[in-house]
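Read off the chains here:
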Amino acid sequence: MSDRLFIFDTTLRDGEQVPGCQLNTVEKIQVAKALEQLGVDVIEAGFPVSSPGDFNSVIEISKAVTWPTVCALTRAVKKDIDVAVEALQYAKHKRIHTGIGTSDYHIKYKFNSTRDEIIERGVEAVKYAKKFVEDVEFYCEDAGRTDNEYLARVVEAVIKAGATVVNIPDTTGYCLPQEYFEKIKYLKENVSNIDKAIISTHCHNDLGMATANTLSGVMAGARQVEVTVNGIGERAGNTSLEEIAMILKCHKGLNIDTNINTTKIYPISRMVSSLMNMPVQPNKAIVGRNAFAHSSGIHQDGVLKNVQTYEIIDPKDVGIDDSSIVLTARSGRAALKYRLNTNGVDVDEEKLDSIYQKFLQLADQKKEVTDADILMLAGADTAETHAIKLDFLQVTSGKGVQNVASIGLDISGEKFEAAASGNGPVDAAIKALKKIITKQMTLKEFTIQAISKGSDDVGKVHMQVEYNGSVYYGFGANTDIVTASVEAYIDCINKFKKK
């Protein structure tokens with residue numbers, strides 16, 4: 001029988017502490033509901049005493065979700081606990097997360113206290129919280145730099161006082177994986193009442209070891225992990241929820257299960273990235289744009305023959321439609337032929353050889369060769385064959401004026417015009433476009449990239465548009481980024497009109 005690992009998500013508390021990533025209450029509820037659908041066991045909804053906004057968010061999240069435990073953070077201070085109790089009043093399953101620093105750095109410099117006094121304060125906080133809720137988690141802040149013998153004393157005392165979960169944070173991201181493993185193992189073997197509580201990990205990524213340390217803690221016996229979507233959080237961030245979930249899914253031999261519906265991972269990653277205005281780095285494991293992209297000719301050939309040659313995860317398992325074959329100077333004939341076929345162009349080997357030589361010359365000049373490029377090389381230039389073309393675009397925007405766009409489209413030789421206002425020039429232009437093309441389309445991703453440098457640089461826009469259950473990719477390039485955005489959207493539409 002597999003062991004059960006509880007997923008404690010702190011995206012809305014630790015993750016939201018990143019400067020510039022604060023969410024309003026409505027946005028927090030949106031994320032909380034997505035976390036519930038994802039299958040997290042505990043949602044740390046905020047630090048209620050810290051601000052009226054955090055207090056209100058904990059109240060509203062408690063009302064919005066049904067089965068996950070809603071957790072509120074406090075210090076080992078009675079007033080903090082009182083405020084947390086009030087904030088959690090509507091939660092169906094509630095937890096108070098209280099604690100104090102236990103390393104000598106914290107005891108001496110932060111609290112000007114002693115080891116014995118810190119234990120007393122921790123015990124008092126747990127006992128007080130226990131008067132209001134049954135589920136009390138205690139964190140030993142900076143446990144990563146706390147010596148194991150003293151840490152065991154603290155853990156034993158707070159469990160005796162009623163703690164149901166003990167959190168062993170590597171607050172500064174200092175520990176090596178083996179060190180953290182030994183720390184958890186020491187607690188399992190030297191705390192007499194450890195069977196009465198769940199050990200939790202909470203690892204930071206200052207040295208890039210958050211996921212490795214978390215997994216080491218799980219291997220040593222921890223059965224709760226504290227994580228965030230996309231690994232966001234203080235400084236270099238926290239352990240990534242998606243990494244732990246997929247490690248355990250891939251390594252079934254570990255015999256540890258979670259409740260995570262992994263097909264929801266990519267959508268919530270995009271949601272959190274968008275709401276917090278925090279882009280996911282392209283090479284981020286599991287959810288980065290390049291996580292399932294292949295540009296090397298050897299890799300592309302292998303993937304096209306059997307995807308398992310270079311992919312250990314099925315993209316669909318994390319909510320991504322498919323892996324992508326990216327054309328660069330390192331790509332081979334197999335990748336070029338594949339991309340031509342996906343664009344409806346079939347060529348024989350002789351024609352392919354001719355196109356491939358032209359492709360290599362172009363690829364040496366560009367970082368990435370687009371579908372439009374290869375269709376041009378194959379004599380099927382989409383600019384000429386597109387059913388929908390941009391005739392004109394006029395946009396009025398600026399400070400103190402309404403953003404308005406007028407657009408003209410040529411659809412198979414017939415002219416159409418429309419105008420719309422919007423929240424910015426791009427939004428206005430796309431709304432005007434949608435007045436003409438009235439299909440139910442959803443913009444999934446919108447990325448702007450500079451091709452050249454300077455005030456007159458060319459901007460490249462990459463878009464993903466969902467239509468009728470499928471996702472279509474479009475590109476546009478222009479010195480005017482609004483025009484590039486509209487051209488990218490039209491590129492998507494032309495592709496799904498072919499199906």
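Analysis parameters
Residues numbered from 1 in each chain as written. Predicted model: local features only at pLDDT ≥ 70, side-chain atom pairs only at ≥ 80, totals over all residues. Heavy atoms only, no water. Pairing = 2+ DSSP bridges. Helix = DSSP H or I, 4+ residues; strand = E, 2+ residues; numbered from the N terminus. Axes fitted to C-alpha atoms, helices over the stretch in contact; angles between N-to-C directions. Salt bridge = Lys/Arg side-chain N within 4 Å of Asp/Glu carboxyl O. Buried < 20%, exposed > 50% of the residue type's maximum accessible area, 1.4 Å probe, protein only. 1 Å grid on protein atoms, 1.4 Å probe; cavity = no way out; pocket = protein on both sides within 12 Å on 5 of 7 lines; lining within 4 Å. Points joined across faces, edges and corners; volume = space filled by probe spheres on them. Nonpolar A, V, L, I, M, F, W, Y, C, P; charged D, E, K, R; others polar. Parallel < 35°, antiparallel > 145°, perpendicular 65-115°, else oblique. Left-handed = near helix turned anticlockwise from the far one by under 90°. Contact = heavy atoms within 4.5 Å.

**Student:** Requested: an account of the sheet that holds strand S9 (residues 224-227), with residues and values cited.
**Tutor:** Taking strand neighbours around the barrel as the criterion, the 8 strands line up as S2-S3-S4-S5-S6-S7-S8-S9 in a closed arrangement whose pairing is parallel. When strand polarity is set aside, the average angle formed by the axes of neighbouring strands in this sheet is 25°. In terms of strand pairing, strand S2 (residues 6-9) meets strand S3 (residues 42-46) through 2 bridges, oriented parallel. From the neighbouring strand, aspartate 9 faces S3, where its bridge partner is isoleucine 43.

**Student:** Provide a residue-level description of the pattern of salt bridges, including the pertinent values.
**Tutor:** When the charged atoms of two side chains lie near each other, side chains of opposite charge can form a pair. This model, assessed by the stated rule, comprises 24 salt bridges. Arginine 115 is the partner of aspartate 104 in a salt bridge, and the nearest nitrogen-oxygen pair spans 3.3 Å. Of this pair, aspartate 104 sits in helix H4 (residues 104-110) while arginine 115 sits in helix H5 (residues 115-130), placing them 11 residues apart in sequence. The class of arginine 115 is partly exposed, set by a relative accessible area of 29%. The partner of lysine 130 in a salt bridge is glutamate 134, and the shortest N-O contact between them spans 3.2 Å. Residue classification places glutamate 134 among the exposed positions, given a relative accessible area of 61%. Salt bridges linked by common partners bring Arg13, Asp14 and Glu44 together as one network.

**Student:** Tell me what's going on with the layout of surface pockets, and back it up with residues and numbers.
**Tutor:** Quantified by volume, the second largest pocket comes out at close to 440 Å³. Lining the second largest pocket are 25 residues, with Arg13, Leu73, Lys110, Tyr139 and Glu141 positioned closest to its centre. Elements supplying a minimum of two residues to the lining of the second largest pocket: strand S5 (94-101), strand S6 (136-141) and strand S7 (165-170). Per-element accounting of the lining of the second largest pocket gives the leading share, 4 residues, to S5. Per-class residue counts for the lining of the second largest pocket are 8 nonpolar, 8 polar and 9 charged.

**Student:** Report on the packing of helix H3 (residues 78-87) against H5, specifying residues and quantitative values.
**Tutor:** Interhelical geometry of H3 versus H5 gives an angle of 25° and a closest axis separation of 10 Å. Classified by the interaxial angle, the pair formed by H3 and H5 is roughly parallel. Classified by chirality, the crossing of H5 by H3 is right-handed. Of the residues in H5, those touching H3 at Lys78, Ile81 and Asp82 are Glu124, Ala125, Tyr128 and Ala129. Residues of the contact of H3 with H5, tallied by class, amount to 4 nonpolar, no polar and 3 charged.

**Student:** Residues and numbers for the environment of valine 65, please.
**Tutor:** In this structure, valine 65 sits in the loop between helix H2 (52-64) and strand S4 (69-73). Every residue in contact with valine 65, bar those within four places of it in the chain, is listed here: Ala32, Lys33, Glu36, Ile43, Val70 and Lys92.

Bear in mind that shape data such as this cannot, by itself, settle questions of function.
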